Amino acid sequence: MSGFVELLFCRCVTLFEIEAMSWCTIESDPGVFTELIQQMQVKSVQVEELYSLDLETLDSLRPVYGLIFLFKWRPGENDGRLVDTNPNENLFFASQVINNACATQAILSILLNSPDIDIGPELSTLKKFTKGFPPDLRGLAINNSDAIRMAHNSFARPEPFLPEEQKSATKDDDVFHFISYLPFEGVLYELDGLKEGPIRLGECPGRPGDIDWLRLVQPVIQERIERYSNSEIRFNLMAIIKNRKEMCTAELKECQRRREKILQQLTAAQSEGLPANIKIEELNSALSEVNAGIEATTEKIVMEEEKFKRWRTENIRRKHNYIPFLFNFLKILAEKKQLKPLIEKAKQKKVGNPS
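Residues numbered from 1 in each chain as written. Predicted model: local features only at pLDDT ≥ 70, side-chain atom pairs only at ≥ 80, totals over all residues. Heavy atoms only, no water.

Asker: Mind showing me how you'd approach helix α9 (residues 244-270) here?
Answerer: For an α-helix, 3.6 residues make a turn, and residues three or four places apart therefore share a direction. Here α9 is 27 residues long and its end C-alpha atoms lie 38 Å apart, about the 39 Å a rise of 1.5 Å per residue gives. Taken together, the buried positions of α9 are occupied by R244, C248, L252, C255, I262, L266 and A269. The backbone nitrogen of K245 lies 3.1 Å from a side-chain oxygen of the residue at the head of α9, namely N243. (Helix = DSSP H or I, 4+ residues; strand = E, 2+ residues; numbered from the N terminus. Expected span 1.5 Å × (residues − 1). Buried < 20%, exposed > 50% of the residue type's maximum accessible area, 1.4 Å probe, protein only. Polar contact = N/O pair within 3.5 Å; in protein donor to acceptor, adjacent residues only side chain to side chain.)

Encoded structure:
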């Protein structure tokens, strides 16, 4: 086995090995998630952040393959909902067996349960290899994948000091968790790797590209937000959708094809003489409409290109190690005897403006 999947039983995975294969926390950001998906060789999808749950916003993003919801996790909270202990054998559900992996696991839950997505050779092998596995072994298979972990950890922020041991979260720390919502074979599911199984939210006819499942999931997420709204406002919702630029490019080609056809009809109508005036007016109106469509679609493509360029720049900055630069900058200031006066000035400023 290569890449993402190593044979799970080639070696005994001890608890020590699991702890050694640590995963970093990554930022909940559409640019981060989109690049992470690209690194896993998945094609033609991207992630968009949602600022509203209204159906008009959700409809504008279709096809939506799944939603990723980030919320503050409360240990010991009683959910009360029943999990499906005997789920659809075709549904990929994995238990989260290691800290900080929930973001990538929420993404995988959508990718591996969306037949319309080209998940690439590596994830296809993972899905095929783990078919029939119980959730805990599927979680181990994900954790045991060097390539998935490396893609995830590529977004680790550089640290000036490496801790000797991993610090565990305390009861006073804010701990956030990612879960997934998606339709699968006629059922709307909530997939949470910290639960024993998937949660069935109701029957959901139609395909992921339809509006039906989004109409069903909207009140579920809204209720969850309102439940905590008195004490918590930090939520994040993102959608895994079809690549916008590719969709717009296909739409542009169709508009250009229609424009060429109209121009041919205009040439033919003009050659027929004056009796064809009405037809010429209709064709000119259709041509104006198509030209407006071409202009609008071209603008969308440019906007998508600029957005992806901005995401790439932001991700480069996230990954870049600025510590050597800062260290040398402070060293130069000290050599020029400018560091100490700046420190004293900052102290005086802080005393004069206490927080």
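Asker: Any chance you could explain the packing of aromatic side chains here in plain terms?
Answerer: Aromatic ring pairs: the centre-centre distance and the angle between the two ring planes describe each pair. Using the criterion set out here, one finds six aromatic pairs in the structure. When the centroid spacing of 5.8 Å and the interplanar angle of 10° are considered together, the rings of F69 and F235 count as stacked. One end of the pair, F69, is in strand β2 (residues 64-72); the other, F235, is in the loop between α8 (212-228) and β6 (236-242), with 166 residues separating them in the sequence. A relative accessible area of 1% means that F69 is categorised as buried. Cluster of aromatic residues (ring-pair linked, three or more members): F69, F71 and F235. (Phe/Tyr/Trp six-rings, centres within 6.5 Å; stacked < 30°, edge-to-face > 60°.)

Asker: How should I be thinking about empty space enclosed by the protein in this particular structure?
Answerer: Rolled over the atoms, a probe sized like a water molecule indicates the empty space that remains. The full count for this structure, using the stated rule, is one cavity of 30 Å³ or more. Secondary structure elements with two or more residues in the lining of the largest cavity: α4 (102-111) and β3 (176-184). For the lining of the largest cavity, the residue count by class is seven nonpolar, six polar and one charged. (1 Å grid on protein atoms, 1.4 Å probe; cavity = no way out; pocket = protein on both sides within 12 Å on 5 of 7 lines; lining within 4 Å. Points joined across faces, edges and corners; volume = space filled by probe spheres on them. Nonpolar A, V, L, I, M, F, W, Y, C, P; charged D, E, K, R; others polar.)

Asker: What is the right way to read a nonpolar patch on the surface from this model?
Answerer: A cluster of nonpolar side chains, Y322, F325, L326, F329 and L330, forms an exposed patch at the surface whose accessible area comes to about 510 Å². Within the fold, F325 resides in helix α11 (residues 323-335). Look at F325 and you get exposed, because its relative accessible area is 54%. (Patch = residues over 30% accessible without salt bridge, like charges linked within 9 Å, V, L, I, M, F, W, Y side chains within 5 Å. Areas by Shrake-Rupley, 256 points an atom, 1.4 Å probe, with all protein chains shown as cover. Salt bridge = Lys/Arg side-chain N within 4 Å of Asp/Glu carboxyl O.)

Asker: Sorry if this is basic, but what is going on with the sheet that holds β6 here?
Answerer: Either a parallel or an antiparallel arrangement is found when strands of a sheet pair, and the pairing is made through backbone hydrogen bonds. Spatially, β1-β6-β2-β3-β4-β5 is the arrangement adopted by the six strands of the open sheet, whose pairing is antiparallel. Across the chains shown, the open sheet's two edge strands, defined by having one partner strand only, are β1 (45-50) and β5 (199-203). Sheet twist, expressed as the mean angle between neighbouring strand axes with direction ignored, is 20°. The pairing of β3 with strand β4 (residues 187-191) spans five bridges and is antiparallel. Within β4, the position partnered with P183 by the bridge is L188. (Pairing = 2+ DSSP bridges. Axes fitted to C-alpha atoms, helices over the stretch in contact; angles between N-to-C directions.)

Asker: What exactly am I supposed to notice about the packing of helix α2 (residues 30-39) against α4 here?
Answerer: The angle between the axes and the distance between the axes are what describe a pair of packed helices. Between α2 and α4, the shortest axis-to-axis distance is 11 Å and the interhelical angle comes to 60°. Classified by the interaxial angle, the pair formed by α2 and α4 is oblique. Read as a crossing pair, α2 and α4 show a hand that is right-handed. Counting all contacts with α2, which are made through F33, L36 and I37, the residues of α4 involved are A103, T104, I107 and L111. (Parallel < 35°, antiparallel > 145°, perpendicular 65-115°, else oblique. Left-handed = near helix turned anticlockwise from the far one by under 90°. Contact = heavy atoms within 4.5 Å.)

Asker: Explain the nonpolar core here, please?
Answerer: Soluble globular proteins: nonpolar side chains tend toward being buried together. Ranked by size, the top nonpolar core spans 38 residues in total, and within it F33, M40, V42, I107, L111, L123 and I240 carry the most contacts. Listing elements by their share of this core, those giving two or more residues are α2, β1, β2, α4, α5 (120-129), α6 (135-143), α7 (146-153) and β6. Broken down by element, the residue count for this core peaks at seven residues, all from α4. Filtering out sequence-adjacent residues up to four positions away, L111 remains in contact with I37, M40, V42, I117, I119, L123 and I240. In terms of nonpolar packing, the next biggest core, distinct from the first, is built from 20 residues, L58, L67, I179 and C204 among them. (Core = buried A, V, L, I, M, F, W, Y, C linked by side-chain atoms within 4.5 Å.)

Asker: Please clarify how unusual backbone geometry should be interpreted in this entry.
Answerer: Keep in mind that most residues, glycine aside, have a negative phi and that most peptide bonds are trans. In this chain, R62 is followed by P63 through a cis amide linkage whose omega measures 0°. Note on placement: P63 falls in the loop between α3 (55-60) and β2. Despite not being glycine, N100 shows a phi value in the positive range, around 75°. The topology assignment puts N100 in the loop between β2 and α4. The backbone of E185 sits at a positive phi, close to 50°, despite the residue not being glycine. Assignment of secondary structure puts E185 in the loop between β3 and β4. Look at E185 and you get exposed, because its relative accessible area is 52%.

Asker: How should I be thinking about the confidence of the model for the chain in this particular structure?
Answerer: Low pLDDT marks regions whose predicted coordinates should not be analysed in detail. Mean pLDDT for the chain: 85, with 84% of residues reaching 70 or above. Here helix α1 (residues 15-20) stands out as the least confident element of the chain, with mean pLDDT 43; β1 is the most confident, with 97. (pLDDT = per-residue confidence, 0-100.)

Asker: Whenever I open this one, the environment of P198 confuses me. Can you help?
Answerer: With respect to the element layout, P198 can be found in the loop between β4 and β5. Between the C-alpha atom of P198 and that of T85, which follows or precedes it by 113 residues, the distance is 7.8 Å. Aside from chain neighbours lying at most four places away, what touches P198 is V83, D84, P87, L91, F93, Y189, E190 and L191.

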